[in-house]
Amino acid sequence: MDDLKYGTRNKRGDWAPTEPAATAPLFTFPPQPLKLLRWLPHYFLPFNVLWAASAVAWWLWVIPDVETMRSLAWGWVLWLYAVNALAIFVFFGAVELRLYVLRAQGNRFKYNGKWPSEQPSDVFWFRSQNLDNALRGFLIGIPIWTLFEVMMLWAYANGIGPWVALADHPWYLAMVALLVPVIHEAHFFCIHRLIHTPFLYKWVHSIHHNSVNPSPWSSLSMHPVEHLAYFATIFYHFLIPSNPLIALYQLHTAGFGAIPGHIGFDKMEIGENRALDSHAYIHYLHHKFFEVNYGDGLIPLDKWFGTFHDGSKDGEARMNARFQAKKARLNAKNGSAA
Ligand SMILES: [Zn+2]
Ligand SMILES: [Zn+2]
């Protein structure tokens, strides 16, 4: 595909889409029913359906029977870790292999002209973004994901938690399942904004931001404290009546769902004339400019808080004006303190 039909490439080789990034028309006021109707399939396809389907597959073929989960034992805990790790290895690895190792579509639709493997840096373990990011994911991120999964399943097996059966309340649970991406987005925005405060940024979140040019392995490359906060969305299902299958879907939305924002490409080409939109631009801009786009645009929280950057020239001017104002505020504060 000709990516210059959809965007422009600057002298550094960075590609940017012509269309500014847009937030979903889900919570807009006044409501825009036509826009909402056109957008609605994107709420399900392809990603959320994929995460939900993976939860069903886990429930059917991976999760042990209730009797086994009543007592904690290394056997089933390690089994769950192994399956989660293998799934991430295959899924993220396939994207990495196609786009970054084989470079099947060259740099078409690639936001950053450079390749992480060609940019060794001291900020990374072994000076390698790929090794550092992958190791943090497999050694810390997936164990914490599995730990929360085990806690939820053990609690369910022992009757702890406000669980309701699918057969008893199918419509109510369908509504909870529909809310899973909204819960994820609201939670992610709040914790993400929090870890951008100076102290937490320095000690926790800067690890994730070492990858200025994110690639698939960056998705779960975080400080353990961020992993704990990120995967904590599962605990909302201890606060509202829910079902373990939906709690699992919530967890998969965090685990598998971390990748779209970190693909580094706007589109993944499928054959000659077709491509899959990654919707990665909003989060790519966050990795590039840091203090914009704390959310992923499902709920327009960044618009409400004035931190949204759509990638356009206007968006950049608004961001720079905000940064200048912040600098002036800090200078005035330091001046009056001195
Ligand atoms: Zn990120
Ligand atoms: Zn951040």
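What counts, and at which threshold
Residues numbered from 1 in each chain as written. Chains lettered and ligands numbered in written order. Predicted model: local features only at pLDDT ≥ 70, side-chain atom pairs only at ≥ 80, totals over all residues. Axes fitted to C-alpha atoms, helices over the stretch in contact; angles between N-to-C directions. Helix = DSSP H or I, 4+ residues; strand = E, 2+ residues; numbered from the N terminus. Left-handed = near helix turned anticlockwise from the far one by under 90°. Contact = placed C-beta atoms within 7 Å. Nonpolar A, V, L, I, M, F, W, Y, C, P; charged D, E, K, R; others polar. Core = buried A, V, L, I, M, F, W, Y, C linked by C-beta atoms within 7 Å. Buried ≥ 20, exposed ≤ 12 C-beta atoms within 10 Å, placed from the backbone. Pairing = 2+ DSSP bridges. Parallel < 35°, antiparallel > 145°, perpendicular 65-115°, else oblique.

**Some words on the packing of helix α5 (residues 129-157) against helix α8 (residues 224-231)**
As a packed pair, α5 and α8 sit with axes 9 Å apart at the nearest point and diverge in direction by 35 degrees. Of the two elements, α5 crosses α8, and the hand of that crossing is right-handed. On α8, the residues that touch Ile140, Gly141, Ile144, Trp145 and Phe148 of α5 are Pro224, His227, Leu228 and Phe231. Here the residues of the contact of α5 with α8 are counted per class, giving seven nonpolar, two polar and no charged.

**Some words on the nonpolar core**
Counting residues in each nonpolar core, the largest one holds 54 residues, and the members touching the most others are Phe148, Phe231, Tyr249 and Leu251. Mapped by element, the contributors of at least two residues to this core are α2 (47-61), α4 (74-101), α5, α6 (170-194), α7 (198-209), α8, α10 (244-255) and α11 (281-289). Top element by residues in this core is α5. It accounts for eight residues. Discounting chain neighbours no more than four positions away, the residues touching Phe231 are Ile144, Trp145, Phe148, Leu251 and Ala254.

**A word on the pairing of strand β4 (residues 274-277)**
Across four bridges, the pairing between strand β3 (residues 267-270) and β4 is antiparallel. Note on β4: the bridge partner recorded for Met268 is Leu276. Joining the antiparallel neighbours β3 and β4 is a turn of three residues, in which Gly271 adopts a positive phi near 75 degrees.

**Considerations on unusual backbone geometry**
In this chain, Phe29 is followed by Pro30 through a cis amide linkage whose omega measures -5 degrees. Unlike most non-glycine residues, Phe109 shows phi in positive territory, near 65 degrees. Assessed through the 24 C-beta atoms surrounding it within 10 Å, Phe109 is described here as buried. The phi angle at Asn293 is positive, at roughly 50 degrees, despite the residue not being glycine. Secondary-structure assignment places Asn293 in the loop between α11 and α12 (301-305).

**A few points about the packing of α6 against α10**
Two numbers describe how α6 lies on α10: the axes approach to 10 Å, and their chain directions differ by 20 degrees. Classed by the angle they form, the pair α6 and α10 counts as roughly parallel. As for the relative orientation of α6 and α10, their crossing is right-handed in sense. Contacts from Leu173, Val176, Ala177, Val180, Pro181, Ile183 and His184 in α6 reach Ile246, Tyr249, Gln250, Thr253 and Ala254 in α10. Residue composition of the contact of α6 with α10, grouped by class: nine nonpolar, three polar and no charged.

**Details of the environment of Ala52**
Here Ala52 is to be found in helix α2. Accessibility expressed as a C-beta count within 10 Å gives 20 for Ala52, which makes it buried. Separated by 128 residues in sequence, Ala52 and Val180 place their C-alpha atoms 9.6 Å apart.

**Things to note about the environment of Ser312**
Positionally, Ser312 belongs in the loop between α12 and α13 (313-337). It is 9.1 Å that separates the C-alpha atoms of Ser312 and Ala16, two residues lying 296 residues apart in sequence.

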